[in-house]
Amino acid sequence: MIIQLNQAISESNKATIVEAIGKLGYKSTEVKTQKGKYLVSIGKKEFDIRSIGHLPGIDDIHRVSDEYKLVSRKWKVNRSQLDLGDGVVIGGNNLSIMAGPCSIETEKQVEQTLTHLTQNDVRIMRGGVFKPRSSPYAFRGLGVSGMKMWYKQARAAGVKIISEVMQVSQIAEMYDYVDIFQVGARNTQNFNLLDELGKVDKPVMIKRGISGTIEELLSSAEYVFSGGNEKLILCERGIRTYEKASRNTMDINAIPILKEKSHLPVIADPSHGIGIREYVEPVALAAIMAGADGIIYETHQNPEEAFSDGQQTLDFQESETLIKKLRMTFDLRNSF
Ligand code: PEP
Ligand code: MN
């Protein structure tokens, strides 16, 4: 059950509500976000919500039977949208395109990528400066200095930044230089990291775990929301299965399911989802048709020379074609 509290509720009125639902066998956790105040109350006994609905300080009460509560679609009339400023909005009737290299490598690369993105009116650039790599000997990112160099150029170009945060200490280091924190597939259930991102007033995109279920992804988002941060995006990026023909198995099914189960925007990552350059486009278009609010994918001026994930990275020509087709597909879906 979610009890939406009045922003101006007094401590004593809140205590009265907690006590009243406590007597009904419900344990409450108070959640305060940038947007609202809530009591998330967990209990089993059925009762008539009108019996507490009159208490002062309650704006609304919603029964939510899902394990995850605040990210559930069940209590929100309207889907969530994220306004990044400067006309960049994720969710609603917007197609979000986030493109860029797997890793931020050089100043020149950032400049070339930004030119490509702005020429195609793409407003969000992706890139990693902290890279989770299977091998400790592989390129692991430029770190904070790369982040600052990227930020300077991106701001000048009017482009927003999404980048992966791998551990708690990096949140503060990155804070001033990112518009969206990305939680990678290897960190979906790093609950300490999720708790800390709950305290941050910046959007967080959580990728589905490599072997994670849809419910686990939603529960990870619940961690951040219940920690105080409502600015959330879910990302399907493929899961590990027995199939060897592709790097991962892109779970297109997850897209309509996530949209049905949650009010949060859903982004698809076909680059990691299939892991093969030639097939990134069809999978991206399929994800849009399945209801995704946008796509995040990897592009590089010369994929053969990319420091990481070159095999799944589009060159700028392929990227331009994809951007056009994404927009056409989005319009087609909206015309249905
Ligand atoms: C990435 O976006 O480059 C990345 C490492 O993604 P994932 O966490 O989905 O593997
Ligand atoms: Mn990558």
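Residues numbered from 1 in each chain as written. Chains lettered and ligands numbered in written order. Predicted model: local features only at pLDDT ≥ 70, side-chain atom pairs only at ≥ 80, totals over all residues. Heavy atoms only, no water.

(A) Quick look at the layout of surface pockets. Roughly 390 Å³ of internal volume is contained in the largest pocket. Lining the largest pocket are 22 residues, and of these P132, R186, R247, H272 and D309 lie nearest its centre. Tallied by class, the residues present in the lining of the largest pocket amount to five nonpolar, seven polar and 10 charged. (1 Å grid on protein atoms, 1.4 Å probe; cavity = no way out; pocket = protein on both sides within 12 Å on 5 of 7 lines; lining within 4 Å. Points joined across faces, edges and corners; volume = space filled by probe spheres on them. Nonpolar A, V, L, I, M, F, W, Y, C, P; charged D, E, K, R; others polar.)

(B) Spotlight on the site of ligand 1. R126, A185, R186, K207 and R237 are the nearest of the 13 residues found near ligand 1. Between A185 and ligand 1, the recorded distance is 2.7 Å, taken from a backbone N or O atom to an oxygen atom. At a separation of 3.2 Å, an oxygen atom of ligand 1 approaches a polar side-chain atom of H272. Contact with the protein chains hides 97% of the accessible area of ligand 1, taken as 300 Å² for the molecule alone. If you map ligand 1 onto the pockets, it falls in the largest pocket. Looking at the shell around ligand 1 residue by residue, the classes come out as three nonpolar, three polar and seven charged. (Near = heavy atom within 4 Å. Polar contact = N/O pair within 3.5 Å; in protein donor to acceptor, adjacent residues only side chain to side chain. Areas by Shrake-Rupley, 256 points an atom, 1.4 Å probe, with all protein chains shown as cover. Sits in = over half its atoms within 2 Å of the grid points.)

(C) Looking closely at the domain arrangement of the protein chain. As assigned here, the protein chain comprises domain 1 (2-62) and domain 2 (82-335). If you average the C-alpha positions of domain 1 and of domain 2, the two centres end up 36 Å apart. Taken together, the contact pairs seven residues of domain 1 with eight residues of domain 2. Summed over both partners, the interface of domain 1 with domain 2 comes to about 580 Å²; 49% of that surface belongs to carbon and sulfur atoms. Scanning the region where domain 1 abuts domain 2 turns up zero salt bridges. Its residues placed into classes, the side of domain 1 that touches domain 2 shows two nonpolar, three polar and two charged. (Domains from an automatic or database assignment. Contact = heavy atoms within 4.5 Å. Buried area = accessible area lost by both parts, 1.4 Å probe. Salt bridge = Lys/Arg side-chain N within 4 Å of Asp/Glu carboxyl O.)

(D) Main features of the coordination of the manganese ion (ligand 2). With distances of 2.0 to 2.4 Å, the protein atoms coordinating the manganese ion (ligand 2) are C102 (SG), H272 (NE2), E298 (OE) and D309 (OD). Mapped onto the sequence, the residues coordinating the manganese ion (ligand 2) show the spacing C-x169-H-x25-E-x10-D. A residue pair is termed long-range when its members are at least 10 positions apart, and C102 in the loop between β7 (96-100) and α3 (107-119) and E298 in strand β14 (residues 294-298) qualify at 196 residues. For the pair C102 and E298, one class covers both residues: buried. (Donors = N, O, S within 2.8 Å, 3.2 Å for Na, K, Ca; no water. Helix = DSSP H or I, 4+ residues; strand = E, 2+ residues; numbered from the N terminus. Buried < 20%, exposed > 50% of the residue type's maximum accessible area, 1.4 Å probe, protein only.)

(E) View of the pairing of β14. Of all the five residues making up β14, five are buried; the element is thus mostly covered by neighbouring parts of the structure. Inspection of the sheet shows β7 paired to β14 by five bridges, in the parallel sense. Note that in β14 the partner of M98 across the bridge is I296. Across two bridges, strand β13 (residues 266-268) lies against β14 in parallel orientation. Bridge pairing links I267 to G294 in β14. (Pairing = 2+ DSSP bridges.)

(F) The sheet that holds strand β1 (residues 2-5), seen in detail. With antiparallel pairing, the four strands of this open sheet are ordered in space as β2-β3-β1-β4. One side of each edge strand has no neighbouring strand; the edge strands of this open sheet are β2 (27-32) and β4 (58-62). Ignoring strand direction, the axes of neighbouring strands in this sheet form an average angle of 20 degrees. Taken together, the four bridges between β1 and β4 define a ladder with antiparallel strand orientation. Following the sheet pairing, I2 is matched in β4 by H62. (Axes fitted to C-alpha atoms, helices over the stretch in contact; angles between N-to-C directions.)

(G) Region of the structure containing α3. When the terminal C-alpha atoms of α3 are compared, their 18 Å separation across 13 residues agrees well with the 18 Å that a helix rising 1.5 Å per residue should span. Those residues of α3 that sit buried are Q109, V110, T113, L114, H116 and L117. All buried residues of α3 fall inside an arc of 160 degrees around its axis, so they share one side. For α3, exposure combined with an orientation more than 90 degrees from the buried face picks out E107, K108 and Q119. Of the surrounding elements, those touching the buried residues of α3 are β7, β8 (124-126), α4 (143-157) and α11 (316-335). The positive-phi residue at the C-terminal boundary of α3 is D121, with phi of around 55 degrees. (Expected span 1.5 Å × (residues − 1). Arc of directions from axis to C-beta.)

(H) Expanded view of the sheet that holds strand β10 (residues 180-183). As summarised here, the arrangement of the eight strands in space is β7-β8-β9-β10-β11-β12-β13-β14, forming a closed barrel in which the pairing is parallel. On average, each strand axis in the sheet is tilted by 25 degrees relative to the strand beside it, whichever way the strands run. Contacts between helix α7 (residues 214-226) and the sheet are confined to β11 (204-207) and β12 (232-236), with β12 contributing the most and set at about 160 degrees to the helix.

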